[in-house]
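Descriptive analysis of the structure
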Amino acid sequence: MPPADSAEAPAAAAPQATSTRAPPRVLMALAALLLMARIATGVHDAYSPPRAGGLVHWLAPGDPAIAEQAGHKPVLYDFSASWCEPCHVMDREVFSDAESANYINSAFVAVRVADEDQSEAATALRHRHVILSLPTLVVVPHEGKEPRRIQGFPGRRQTIGFLRTAAQAGIP
Amino acid sequence: MNGQAFGAVVVATWRERLSRPIALIVCFLICAGVTGSAVTADHALQDPTLVLGLILAAGSVGRDVSSGVLALVLTRPLVRTTYLLAKWTAVSTAVAALACATLALQAILLRSHGVDVSGGELWRAAFGSATAAAGVIAVLVLFSVLVSGVGDIAIWVGLNLIAFLAQRFFPLRVHTEWRSFLQPTLGWDATFGATPISWFGLTSYLSTVTLCLCLAALALNRKEISYASG
């Protein structure tokens with residue numbers, strides 16, 4: 001049986017103003033435009049100033065200070081990367097905000113684990129906490145309590161809410 | 001685009017998708033389960049969009065091809081792109097409506113249990129749910145054009161599984177981009193709550209959705225549809 005809507009339609013068929021296989025021109029133009037915008041904004045973000053980490057006093061994985069301070073407060077691991085756009089947004093919205101940064105500095109031992117950091121300590125942390133997407137925040141409380149985590153950047157309000165809940169749960 | 005034909009396909013798709021008793025029962029059980037978990041365990045809104053999308057979007061085009069319905073539909077002067085966009089619109093709106101209704105029910109129950117859920121929080125969850133529905137279903141529609149039956153779900157699950165199994169062998173960046181292609185979504189706070197607006201997030205989401213629909217339309221235009229094509 002011939003295709004119901006084959007390209008070689010019978011000549012006797014009623015002439016139509018538009019072919020049923022008309023190419024989606026508007027959709028193609030829109031897709032091309034948005035793809036260009038995506039590339040442009042991606043390039044813009046890549047050439048933006050590098051992430052400074054805001055006002056939070058980040059420690060590097062493997063820093064001896066982590067073990068010293070971890071006895072008093074929970075450890076906050078920030079798994080992020082320079083290529084990760086939501087990580088930049090989280091930096092701007094949470095870690096560069098004075099109030100949020102002061103809270104994090106007082107309530108947590110803050111450790112930043114950058115994807116570019118291929119040191120043994122950083123790799124071990126990524127494997128231990130099974131990091132599947134960025135950014136991921138993991139709060140490791142004192143022994144005997146389960147770590148809490150949040151994947152992606154759900155916005156400033158929810159991130160702070162998560163940190164407050166996790167900090168309360170992590171108090172020895 | 002023929003608005004009348006578009007509307008007719010949308011209504012027919014709603015009727016077809018929402019009149020299957022087994023799918024409706026499964027959707028109801030999922031919404032009930034998610035609501036129960038949100039109220040009793042998590043005390044926060046839980047979004048059921050992804051699972052609802054997989055159930056209601058399964059074989060959105062592929063089933064029409066394998067059952068021979070598409071061959072009949074295309075005997076009418078219906079532009080294939082119109083058919084495809086109508087399918088996407090119908091399934092996306094159905095999934096988004098069900099998910100938003102579930103979120104609203106969760107909000108009411110949570111408030112009755114003394115958990116403070118503001119209108120803004122509900123709006124943000126509903127926005128995320130609607131964008132997730134439009135995004136995931138655009139991806140599923142693309143797969144559905146490529147394979148018959150409910151093979152689109154098999155491809156989607158398979159690609160997610162490959163991403164999960166291959167995470168140790170590929171850089172995290174590849175894994176992250178892969179997931180954002182399979183599950184495009186747009187968070188209100190993360191995109192519009194940021195200063196300045198997250199233009200990359202916005203354009204990435206819109207670009208993925210339009211690219212999937214565009215590729216699906218081009219693939220459908222090249223497809224030979226006959227009663228034997230299933």
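Shown above is the structure to which this text applies.
Source: prediction; values computed, not measured.

Before going further, it helps to spend a moment on the overall build of chain B. A count of helices and strands for chain B gives 11 helices and zero strands. Helices (α) and strands (β) of chain B occur, in sequence order from the N terminus, as α-α-α-α-α-α-α-α-α-α-α. Scaling as 2.2 N^0.38, a compact globule of 230 residues should have a C-alpha radius of gyration of about 17 Å, and chain B matches this with 19 Å. On the principal axes, the C-alpha backbone points of chain B span a range of 55 × 40 × 35 Å. Residue burial in chain B is summarised as follows: out of 230 residues, 46% are buried. Long-range contacts, defined here as pairs at least 24 residues apart, represent 80% of the contacts in chain B between residues at least 6 apart.

Across its full length, chain A holds six helices and four strands. Counting every position in chain A, which comprises 172 residues, the buried fraction comes to 33%. Counting only contacts in chain A whose residues sit at least 6 apart along the sequence, the fraction spanning at least 24 positions is 78%.

This part takes up the environment of Ala67(A). Along the chain, Ala67(A) turns up in helix α2 (residues 64-69). Counting along the chain gives 42 residues from Ala67(A) to Val109(A), while the straight-line C-alpha distance between them is 9.4 Å.

Residues and elements named next belong to chain B. Following the sequence through the fold, glutamate 121 ends up in helix α7 (residues 119-146). Taking the number of C-beta atoms within 10 Å as the measure of exposure, glutamate 121 has 18 and is therefore partly exposed. Put simply, glutamate 121 and alanine 138 are 17 residues apart on the chain and 26 Å apart in space, counted from C-alpha to C-alpha.

Moving on, we get to unusual backbone geometry. Residues apart from glycine generally show negative phi values, whereas peptide bonds are mostly found in trans. Residues and elements named next belong to chain A. Looking along the chain, the bond that leaves leucine 134 and enters proline 135 is cis, with omega of -5 degrees. Tracing the chain through its elements places proline 135 in the loop between α5 (120-128) and β3 (136-140). Residue valine 130 is not a glycine yet carries a positive backbone phi of 45 degrees. On the basis of neighbour counts, which here come to 10 C-beta atoms within 10 Å, the residue valine 130 falls in the exposed class.

Our focus in this paragraph is the interface of chain B and chain A. Listed by partner, the interface residues are 39 residues for chain B and 42 residues for chain A. Of all elements in the fold, only α6 (80-112), α9 (172-182), α10 (188-191) and α11 (199-222) of chain B reach the threshold of two or more residues within the side of chain B that touches chain A. When the residues that make up the side of chain B that touches chain A are grouped by side-chain class, the tally is 18 nonpolar, 16 polar and five charged.

This part covers the sheet that holds β3(A). All names here are of chain A. Ordered by their spatial adjacency, four strands build an open sheet running β2-β1-β3-β4, and the pairing between neighbours is mixed. Whereas interior strands pair on both sides, the edge strands pair on one side only; in this sheet they are β2 (109-114) and β4 (148-151). Across this sheet, the average inter-strand angle for adjacent strands is 15 degrees, counted without regard to direction.

Right, let's talk about the pairing of β2(A) for a bit. For β2(A), a buried count of six out of six residues is recorded, marking the element as mostly surrounded by other parts of the structure. Neither face of β2(A) is exposed, since Val109(A), Val111(A) and Val113(A) on one face and Ala110(A), Arg112(A) and Ala114(A) on the opposite face are all buried.

The next point concerns the nonpolar core. Core analysis: the biggest nonpolar cluster contains 64 residues, and Val95(B), Ile137(B), Ala138(B), Val141(B) and Leu213(B) have the highest contact counts within it. Residue assignment for this core shows that the elements contributing at least two residues are α1 (25-46) of chain A together with α2 (21-42), α3 (49-57), α5 (69-73), α6, α7 and α11 of chain B. Here this core gets 16 residues from one element, more than from any other, and that element is α6(B). By size, the runner-up hydrophobic cluster in this structure holds 32 residues, among which are Ala81(A), Ala122(A), Val139(A) and Ala167(A).

Moving on to the pairing of β3(A). Residue and element names in this part refer to chain A. Most of β3 is tucked away, with five of its five residues classed as buried. Every second residue of β3 is oriented toward a common face, with Thr136, Val138 and Val140 on one face and Leu137 and Val139 on the other, all of them buried. Of the strand pairs in this sheet, β3 and β4 are connected by four bridges, and their pairing is antiparallel. Each residue of the ladder has a partner; that of threonine 136, found in β4, is glutamine 151.

For the rest of this paragraph, the subject is α5(A). Residues and elements named next belong to chain A. Buried residues of α5: Ala122, Leu125 and Arg126, and no others. Along the axis of α5, the buried positions cluster into a sector of 100 degrees, meaning they face one direction only. Residues of α5 that are exposed and angled more than 90 degrees away from the buried face: Glu120, His127 and Arg128. Those residues of α5 that are buried are in contact with β1 (75-80) and β2.

Residues and elements named next belong to chain B. Here α2 crosses α6 at 30 degrees, and the two axes come no closer than 10 Å. Crossing hand, α2 versus α6: right-handed. Residues Cys27, Cys31, Val34, Thr35, Ala38 and Val39 of α2 pack against Leu98, Thr102, Leu105, Gln106, Leu109 and Leu110 of α6. Of the residues that constitute the contact of α2 with α6, the class distribution is nine nonpolar, three polar and no charged.

About the cut-offs
- Residues numbered from 1 in each chain as written.
- Chains lettered and ligands numbered in written order.
- Predicted model: local features only at pLDDT ≥ 70, side-chain atom pairs only at ≥ 80, totals over all residues.
- Helix = DSSP H or I, 4+ residues; strand = E, 2+ residues; numbered from the N terminus.
- Rg over C-alpha atoms; globule rule 2.2 N^0.38 Å.
- Buried ≥ 20, exposed ≤ 12 C-beta atoms within 10 Å, placed from the backbone.
- Contact = placed C-beta atoms within 7 Å.
- Nonpolar A, V, L, I, M, F, W, Y, C, P; charged D, E, K, R; others polar.
- Pairing = 2+ DSSP bridges.
- Axes fitted to C-alpha atoms, helices over the stretch in contact; angles between N-to-C directions.
- Core = buried A, V, L, I, M, F, W, Y, C linked by C-beta atoms within 7 Å.
- Arc of directions from axis to C-beta.
- Left-handed = near helix turned anticlockwise from the far one by under 90°.

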